[in-house]
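Coordinate inspection notes
Residues per chain, in single letters:
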Amino acid sequence: MTTNKKRVLSCIQPTGHMHFGNYFGAVKNWVDLQESYDCTYGVVDYHAMTMPYDVKKLRNNTWELIFNLLAVGVDVDNLFVQSLVPEHTELGWIFNNFAAMGRVENMTQFKDKSSSENIKDKFISVGLFDYPVLQAADILIYKADFVPVGKDQSQHLELTREIANRFNNQVGKEYFVLPDTLFTETPNIRSTADPSRKMSKSAGEKHYINVFEEEGRLRKQIKSAVTDTGEKTEGEMSPGLEGLFTLLKAAGNIEAHTTLMEHYNADVLKYVDLKAAVADTLVELSTQFKERKAEIVADKKNIKLQIKQSSAEIRKVAQTTLRDVKELVGLLNVKF
Ligand code: TRP
């Protein structure tokens, strides 16, 4: 913790399974960043309450995601659960008063989620609206320098900077660091069943491949991947083939990628060969992850204890920030 490395913060919502789109698109990056930055990663269960959800599943999803993150290489010391650091919500409340209504109203993620057909009972919560303010608290409470997120989050990052800026101006002190987005090259993972859309859970079972999938089903999903309709557009690879090549590269099988790309360019690529290479590579990766996960699950009790401890350690940073903030904004700051 006490290094002069730059601080990276990112968070993920505990929903459903971890698929290869989540893994190659975000989580692998988290794992890799741990080498060069002081990283803090949160499983944000308060955020998961903003859409209608099943109260019986949330806690399990949170633990499940933690086991998954640890299984693919996130360091336990870098991981916390948001609801174990309740200061996030308290800072979120304070930030509500530094966030401009008009700006929050403009967030496209809110517009998308609140207009989406799959919102149960057409119920739109105030929490969903306020979500980006809580996100600003997640980031600023740790004085993060960098936030690795996808392009879809850049608006939330901009709002975070605005809140920090207004806060600093209001209290007359450059208290908060204005965080930057860390855009890293992450591959665009497509659904194998419909390569025109990205791999995602919300599109349905066919449209994502679980990182911990049982081997037979994983192979089957690759085998049935859509390639092309037979008609080739000159000089342009079909989205299906491109998707398979992307998976191969993302999973690190550069050798097979190079060879098969040569075949493609020479017009002699057999799709079965490409699919076999993708399936073998993903199965190999998945097997490692499953082995690691089995160990973690077998040691569940101890792992949960470690997460409570890491959350408590990380919470100390949050508590310090909150004490400073309460002081700066004129709230009472007594020790009980
Ligand atoms: N909003 C992010 C997403 O949908 C999740 C998130 C919540 C987050 N708090 C954050 C990401 C703080 C980065 C930093 O993916």
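Further remarks concern the overall build of the protein chain. The helix and strand tally for the protein chain stands at 12 helices and 5 strands. Taking 336 residues into account, the globule formula puts the C-alpha radius of gyration at 20 Å, and the protein chain, at 22 Å, falls close to it. Over its C-alpha atoms, taken along the principal directions, the protein chain stretches across nearly 70 × 45 × 45 Å. Evaluated residue by residue, the protein chain yields a buried proportion of 46% over its 336 residues. When contacts within the protein chain are restricted to residue pairs at least 6 apart in sequence, long-range pairs at least 24 apart make up 76% of them. Only carbon and sulfur atoms are counted for the fraction: they give 50% of the accessible area of the protein chain, which is about 17800 Å².

Ring pairs (aromatic) are described by centroid distance and by the angle formed between their planes. Under the criterion given, the structure shown has 15 aromatic pairs. A ring pair is formed by Phe-95 and Phe-167, whose centres lie 6.3 Å apart and whose planes are at 75°; its orientation type is edge-to-face. You can see Phe-95 sitting in helix α3 (residues 87-96) and its partner Phe-167 sitting in helix α7 (residues 154-171), a full 72 residues away along the chain. Judged by relative accessible area, which is 0%, Phe-95 ranks as buried. A ring pair is formed by Phe-110 and Phe-129, whose centres lie 5.2 Å apart and whose planes are at 85°; its orientation type is edge-to-face. With a gap of 19 residues between them, Phe-110 in helix α5 (residues 108-115) and Phe-129 in helix α6 (residues 126-140) connect regions that are remote in the sequence. You'll find Phe-110 and Phe-129 in the same group, each marked buried. The structure contains a cluster of three or more aromatic residues connected by ring pairs, namely Phe-95, Phe-98, Phe-167, Tyr-175 and Phe-176. Here the guanidinium or amino end of Lys-151 rests over the ring plane of Phe-183, the centre of that ring lying 5.4 Å away. Its end group placed over the ring of Phe-212, Lys-293 keeps NZ or CZ at 4.7 Å from the ring centre.

Neighbouring residues of the ligand: Leu-9, Ser-10, Cys-11, Val-44, His-47, Tyr-131, Gln-135, Asp-138, Ile-139, Val-147, Val-149 and Gln-153. A distance of 3.0 Å separates a nitrogen atom of the ligand from a polar side-chain atom of Gln-135. Protein contact buries 87% of the 360 Å² of open area that the ligand shows by itself. If you list the elements that add at least two residues to the shell around the ligand, you get β1 (7-12) and α6. Here the residues of the shell around the ligand sort into 7 nonpolar, 4 polar and 1 charged.

On to the side chain of Gln-221, then. Locating Gln-221 in the fold gives a position in helix α8 (residues 215-223). Sequence-distant contacts of Gln-221, defined by excluding residues within four places in its chain, comprise Thr-192, Glu-205, Lys-206, Tyr-208, Ile-209 and Glu-213.

The contact between helix α2 (residues 58-71) and helix α11 (residues 271-298) brings their axes to 8 Å, and the two run at 130°. In terms of axis orientation, α2 runs oblique to α11. The handedness of the crossing between α2 and α11 comes out as right-handed. Two secondary-structure elements touch here, α2 through Glu-64, Phe-67, Asn-68, Leu-70 and Ala-71 and α11 through Phe-289, Arg-292, Lys-293, Ile-296 and Val-297. Tallied by class, residues from the contact of α2 with α11 come to 6 nonpolar, 1 polar and 3 charged.

Phe-20, Phe-24 and Leu-69 are the most contacted members of the largest nonpolar core, which totals 58 residues. No other element matches the 9 residues that α11 contributes to this core. Mapped onto the domain boundaries, this core takes at least three residues apiece from domain 1 (7-186 + 300-329) and domain 2 (201-295). Leaving out residues up to four positions away in the same chain, Phe-20 has contacts with Gly-25, Ile-189, Met-199, Ile-209, Asn-210, Val-211, Leu-218, Leu-282, Leu-285 and Ser-286. Core analysis: the second largest hydrophobic core is formed by 36 residues, Ile-94, Leu-140, Ile-141 and Ile-314 among them.

Under the domain assignment, the protein chain is made up of domain 1 (7-186 + 300-329) and domain 2 (201-295). Taken together, the contacts link 14 residues of domain 1 with 16 residues of domain 2. Carbon and sulfur atoms make up 72% of the area that domain 1 and domain 2 hide from each other, which totals about 1400 Å². Where domain 1 packs against domain 2, one counts 1 salt bridge. Glu-64 is the salt-bridge partner of Lys-293, the closest N and O atoms lying 2.5 Å from each other.

Basis of the calculations
- For every chain, the first residue of the written sequence is number 1, and numbering continues from 1 onward in sequence order.
- The predicted origin of the model limits local features to residues at a pLDDT of at least 70 and limits the giving and counting of side-chain atom pairs to 80 or more, whereas totals for whole chains, interfaces and linings rest on all residues.
- Each side-chain value is worked out from all heavy atoms of the structure, with water and hydrogens disregarded.
- Here a helix means four or more residues in a row that DSSP labels H or I, a strand means two or more in a row labelled E, and each is numbered from the N terminus.
- Atoms counted for the radius of gyration: C-alpha only. Globule rule: 2.2 Å times residue count to the power 0.38.
- The classification of residues rests on relative accessible area computed with a 1.4 Å probe and restricted to protein chains. Under 20% of the type maximum is buried, over 50% is exposed, and intermediate values are partly exposed.
- The contact rule is simple, with two residues in contact once any of their heavy atoms fall within 4.5 Å.
- Accessibility throughout is a Shrake-Rupley quantity obtained with a 1.4 Å probe, and a residue counts as covered only by protein chains that appear here.
- What counts as a ring pair is set by centres within 6.5 Å for rings of Phe, Tyr and Trp (its six-membered ring), and what kind of pair is set by the plane angle: stacked under 30 degrees, edge-to-face over 60, tilted for all other angles.
- Either the NZ atom of lysine or the CZ atom of arginine qualifies as a charge over a ring when it sits within 6 Å of the ring centre and within 35 degrees of the ring normal.
- Whether a residue is near a molecule or strand depends on its heavy atoms: if one lies within 4 Å, it is near.
- In protein, a polar contact requires one atom able to donate a hydrogen and another able to accept it; more generally it is a pair of N or O atoms within 3.5 Å, and residues adjacent in sequence count only if both atoms are side-chain atoms.
- Basically, the charged four are Asp, Glu, Lys and Arg, the nonpolar ten are Ala, Val, Leu, Ile, Met, Phe, Trp, Tyr, Cys and Pro, and anything else, Gly included, counts as polar.
- Angles here are taken between N-to-C directions and fall from 0 to 180 degrees, while the axes themselves are lines fitted to C-alpha atoms, restricted in helices to the stretch in contact.
- Orientation is classified from the angle alone, with under 35 degrees giving roughly parallel, over 145 giving roughly antiparallel, 65 to 115 giving roughly perpendicular, and any other angle giving oblique.
- Crossings are assigned a handedness: left-handed for a near helix turned anticlockwise from the far helix by less than a right angle, right-handed for a clockwise turn.
- In plain words, nonpolar cores are sets of buried Ala, Val, Leu, Ile, Met, Phe, Trp, Tyr and Cys residues tied together by side-chain atoms within 4.5 Å.
- By convention here, the domain bounds are inherited from an automatic or database domain assignment.
- Buried area: the accessible area, evaluated with a 1.4 Å probe, that two parts lose upon being put together, summed over both parts.
- Any carboxyl oxygen of Asp or Glu that lies within 4 Å of a side-chain nitrogen of Lys or Arg is treated as forming a salt bridge with it.

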